[in-house]
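# Observations on chain architecture
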Amino acid sequence: MAEKEIVETSEAEIAVHWGEEKFYHPSVKFIAQANMTDPAVYERFSLDNFPNCFKEYADLLDWYEYWDEILDTSDAPCWKWFKGGKINASYNCVDRHLAKNKNKTAIHFVSEPEDEKVEHITYQELFVRVNEFAALLQDFAGLKAGDRVTLHMPMIAELPITMLACARLGVIHSEVFGGFSGRACADRIVDSGSNVLITADAYYRAGKLLNHKQNADIAVDLAEKDGQKVDKVLVWQRYPGKVSSETPMVEGRDYFVNDVLKDYYGQRVDPVPMPAEAPLFLMYTSGTTGKPKGCQHGTGGYLAYVAGTSKYVQDIHPEDVYWCMADIGWITGHSYIVYGPLSLCASTVVFEGVPNYPDPGRPWRIAQNLDVNIFHTAPTAIRALRKIGPDEPAKYNYHFKHMTTVGEPIEPEVWKWYYEVVGKGEAAIVDTWWQTETGGFLCSTIPAITPMKPGSAGPGVPGIHAIIYDDEGNVIPSGAGKAGNICIQNPWPGGFQTIWGDRDRFVETYYARYCKDPKSKDWRDWPYMTGDAAVESEDGYYRILGRIDDVINVSGHRLGTKEIESAALVVEEVAEAAVVPVAHDIKGKEPDLYIALKPGLEASDELAQKISDTVCVEIGKIAKPRKVWIVTDMPKTRSGKIMRRVLGAISNDKDVGDVTTLANPEIVEEITKMAKK
Ligand code: WTA
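On a predicted model such as this, the values are computed, not experimentally measured, just so you know.

## Here's the deal with the packing of aromatic side chains
When we look at a pair of aromatic rings, we describe it by the centre distance and by the angle of the planes. Applying the stated rule across the entire model yields 47 aromatic pairs. Ring geometry for Trp63 versus Phe82: centroids 5.7 Å apart, planes at 70°, classification edge-to-face. Within this pair, whereas Trp63 is found in the loop between α4 (55–58) and β1 (69–72), its partner Phe82 is found in strand β2 (residues 80–83), the two being separated by 19 residues in sequence. Members of the aromatic cluster, each reached through a chain of ring pairs, are Phe45, Phe50, Phe54, Tyr57, Trp63, Tyr66, Trp67, Trp81, Phe82, Tyr305, Tyr312 and Trp523. Positioned over the ring face of Tyr398 is Lys424, at 3.8 Å from the centre of the ring. The ring centre of Trp629 lies 5.1 Å from the NZ or CZ of Lys627, which sits over that ring.

What follows is the structure, encoded as structure tokens:
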């Protein structure tokens, strides 16, 4: 018990808890057209049929050489899927669709300014642009298979083009979310060892044309200080040939892509047949320490998994217009804007702007004009649109057959608004629970088979066998009404291969806790620990409560409390920093930042502002604290640990519980008073 008390505040502890809701069923019309209507799929993907069941997903792809071993466990828990196979992701997302669908739109690019025309890029045009840029990367930037390249790009069509050009060559792309700061980009350049940075000069966000090029200069300078030299910065222009950023180009280092591309017009580059287990990309994500983890995703397994889940969970058909309103800078965008939909020859929408600009009718105008029929977004966007434009969807003539929610738990009330108002009662909804690490969905209903339950993600998707353990490693059975650590019993092809350059951290973070035998080569001994708390209801549906570790989900964006704390510690006056998640009715959570200053220093509003600004510079605006509380001391255990649990209770206006065992119980009252003001 004493040990438990010291455990830092987790989201789960302050998560919204709601009861079990009744089932909703998809319409007959939806079922009649669905890709997957056979309930036997769960049997086909049962543990008894594991791992061979995943052949079904691999067979959705075209292989240069077919694989000969479905799952190699010899280097457990670094699983190798489809061993011996040779494949290229760019070929599967582009070239193979040309014979029948070259004139079909692959990407609808929607600029934020509404007076700019939507750009409809056909598969043929995508093929041409990917080839020309691949030729440039190979020849001008000197990149080859296995090299890493960092992308710091916003939501423009050139981002998927860049990713697919890298994939064509076997170059490992590492896209950094456009809203991250130059510092955050630098850290990722250094960790991945990239000597090329691909960026954009500017992009629109909420009505402003932002200067993005300035981040590249900061990133390259800081990376060099940390020992990683960037030789070339390739800059896509928001308006080719026009200056949109006042940050000058550095001679001999920075190049406008559209200038250099002229030398590559008409060039074609054969896709490089890559081993199935060759890394396709890195995606950095937050964990329990300040240092982000580079999740390494493979080629064959990842692509098979996102193609399979896009087909059966997203119900994507080639004739669909699919819009996932996430950012490609996060895993959702990689898997379910780019690789999944394009591998299935769908039309995918890339939207530059924010959902509520210039008004909350914008998403529905886009849906109407492009005749979008599959829509995918996060609870934070749904909550915001519900709050500021509850009557907007009804004004527009669009019809969704299918909608997704992803990224955080969704409250049943919000779910019902999504269903009734956004979906007009016609769309099947899937609540998909998964992570950067997992590449694709873990739990969700299959829309035509398993009914929806508001507030519940649903059962494991086919081939995912979840299990909930308590802290001692006992299994918590379904229907027990008790929360525990949700784990996955088996590997699956979409799972990340390792943390880039840090296998020990990979094993330690995800497997050490519940591993039955660290020497074992049998996958049954290696349950994957997700880091989320969950409850399983009697019917096998999982309700995700939130993180058990030091990760906060702000507007569906994953941030580490330690990352924010180390950013605050950059300010020289700061002695100690503690971050706790605070419930917010739109964003889900926001970080509250508690600060203790070095001895002899006085708190001031200027100092609080400086600390807040520093967090934004170090990480990005998404990490901006709700409030910086400068306290005279942190509540601490006798062994000197900061009691984040107590701070979390104060910030959330909850009972702080018994604090008499603290080293300094009197401070709790002082901080509570301060926070109440
Ligand atoms: C949370 C995003 C409840 C969860 C794809 C997970 C969810 C973290 C859901 C991963 C959902 C994601 N319901 N919680 N449907 N989806 N989460 O890596 O805590 O950015 O561990 O991946 O988001 O966030 P990440």
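## A look at the pairing of strand β8 (residues 196–200)
By the criterion of burial, β8 is predominantly enclosed, with 5 of the 5 residues buried. Alternating positions in β8 separate into two faces, Val196, Ile198 and Ala200 on one and Leu197 and Thr199 on the other, with burial throughout. Judged from the 3 bridges that link them, strand β6 (residues 148–152) and β8 form a sheet pairing that is parallel. Bridge pairing in β8 places Thr150 opposite Leu197. Relative to strand β11 (residues 232–236), β8 runs parallel, the two being bridged by 5 bridges. What sits directly across from Thr199, in β11, is Val235.

## A short note on the site of the ligand
Taken together, 16 residues lie near the ligand, and Asp431, Thr436, Asp532, Arg547 and Arg558 sit nearest. In this structure, a nitrogen atom belonging to the ligand sits 3.3 Å away from a main-chain N or O atom of Glu408. In the model, a nitrogen atom of the ligand is placed 2.8 Å from a nitrogen or oxygen of the Thr432 main chain. Here the ligand, which alone exposes 530 Å², has 96% of that area covered by the protein. Those elements that place two or more of their residues in the shell around the ligand are α13 (331–343), β20 (428–432) and β25 (542–547). Here the residues of the shell around the ligand are counted per class, giving 5 nonpolar, 6 polar and 5 charged.

## Here we look at empty space enclosed by the protein
One pass over the full model with this rule turns up 5 cavities of 30 Å³ or more. Trp79, Trp81, Asn490, Pro491, Trp492, Gly495, Phe496, Gln497, Tyr511, Trp526 and Tyr528 together form the lining of the largest cavity. For the lining of the largest cavity, the class distribution of residues is 8 nonpolar, 3 polar and no charged. Considered as a void within the structure, the second largest cavity measures approximately 70 Å³ in volume. In terms of lining, the second largest cavity is formed by Trp79, Trp81, Ala276, Glu277, Gly298, Thr299, Gly300, Gly301, Tyr302, Pro493, Gly495 and Gln497. No other element matches helix α12 (residues 300–312), which puts 3 residues into the lining of the second largest cavity. Partitioning the lining of the second largest cavity into residue classes produces 5 nonpolar, 6 polar and 1 charged.

## Let's talk about the sheet that holds strand β21 (residues 466–469)
The sheet built from 4 strands is open, its strands ordered β21-β22-β24-β25 with antiparallel pairing. Each end of this open sheet is capped by a strand with a single partner; those strands are β21 and β25. In this sheet, neighbouring strand axes are inclined to one another by 50° on average, regardless of whether the strands run parallel or antiparallel. Where strand β22 (residues 484–488) and strand β24 (residues 528–536) come together, 4 bridges link them in antiparallel fashion. The partner of Gly484 across the bridge, within β24, is Ala534.

## A few points about unusual backbone geometry
In this structure, the amide linkage connecting Ala76 to the following residue, Pro77, adopts the cis form with an omega of 0°. By the secondary structure assignment, Pro77 is in the loop between β1 and β2. The backbone of Ala206 shows a phi angle near 50°, a positive value even though the residue is not glycine. Mapped onto the elements of the fold, Ala206 is located in the loop between β9 (202–205) and β10 (208–211). The phi angle at Lys424 is positive, at roughly 55°, despite the residue not being glycine. Along the polypeptide, Lys424 turns up in the loop between α16 (412–422) and β20.

## Points about the environment of Lys311
Inspection of the secondary structure assignment puts Lys311 in helix α12. Using a relative accessible area of 24% as the deciding quantity, one classes Lys311 as partly exposed.

## Section: the sheet that holds β6
One open sheet accounts for 8 strands, arranged β12-β11-β8-β6-β7-β14-β15-β23; its pairing is mixed. With one partner strand each, in any of the chains shown, β12 (254–256) and β23 (498–499) form the two edges of the open sheet. Along the sheet, helix α10 (residues 213–225) contacts β6, β8, β11 and β12; its crossing angle with β8, the most-contacted strand, is approximately 160°. Here α13 sits on the sheet in contact with β7 (172–175), β14 (279–285) and β15 (293–298), set at roughly 145° to β14.

## A word on the packing of helix α20 (residues 644–651) against helix α21 (residues 666–676)
Two elements in contact, α20 and α21, have axes whose closest approach is 10 Å; the angle formed by their N-to-C orientations is 30°. On the basis of their axis angle, the class for α20 and α21 is roughly parallel. The way α20 lies across α21 gives a crossing that is right-handed. Residues Val646, Leu647 and Ile650 of α20 form the contact with α21, whose own contacting residues are Val668, Ile671, Thr672 and Ala675.

## A short note on the nonpolar core
Judged by nonpolar contacts, the single largest core of 122 residues is most densely connected at Phe54, Phe82, Leu126, Ile198 and Tyr339. The residues contacting Leu126, other than those within four sequence positions of it, are Val94, Ala106, Ile107, Ile121, Ile161, Leu164 and Leu342. Of all hydrophobic cores here, the second largest spans 38 residues; its members include Ile189, Leu222, Leu593 and Ile595.

## Thoughts on the confidence of the model for the protein chain
When pLDDT is averaged along the protein chain, the result is 94; 97% of the residues meet or exceed 70. Counting contacts from residues 1–9, a segment whose pLDDT is below 50, to residues more than four positions away or on other chains yields 17 contacts.

Rules of the game
- Residues numbered from 1 in each chain as written.
- Predicted model: local features only at pLDDT ≥ 70, side-chain atom pairs only at ≥ 80, totals over all residues.
- Heavy atoms only, no water.
- Phe/Tyr/Trp six-rings, centres within 6.5 Å; stacked < 30°, edge-to-face > 60°.
- Helix = DSSP H or I, 4+ residues; strand = E, 2+ residues; numbered from the N terminus.
- Lys NZ or Arg CZ within 6 Å of the ring centre and 35° of its normal.
- Buried < 20%, exposed > 50% of the residue type's maximum accessible area, 1.4 Å probe, protein only.
- Pairing = 2+ DSSP bridges.
- Near = heavy atom within 4 Å.
- Polar contact = N/O pair within 3.5 Å; in protein donor to acceptor, adjacent residues only side chain to side chain.
- Areas by Shrake-Rupley, 256 points an atom, 1.4 Å probe, with all protein chains shown as cover.
- Nonpolar A, V, L, I, M, F, W, Y, C, P; charged D, E, K, R; others polar.
- 1 Å grid on protein atoms, 1.4 Å probe; cavity = no way out; pocket = protein on both sides within 12 Å on 5 of 7 lines; lining within 4 Å.
- Points joined across faces, edges and corners; volume = space filled by probe spheres on them.
- Axes fitted to C-alpha atoms, helices over the stretch in contact; angles between N-to-C directions.
- Contact = heavy atoms within 4.5 Å.
- Parallel < 35°, antiparallel > 145°, perpendicular 65-115°, else oblique.
- Left-handed = near helix turned anticlockwise from the far one by under 90°.
- Core = buried A, V, L, I, M, F, W, Y, C linked by side-chain atoms within 4.5 Å.
- pLDDT = per-residue confidence, 0-100.

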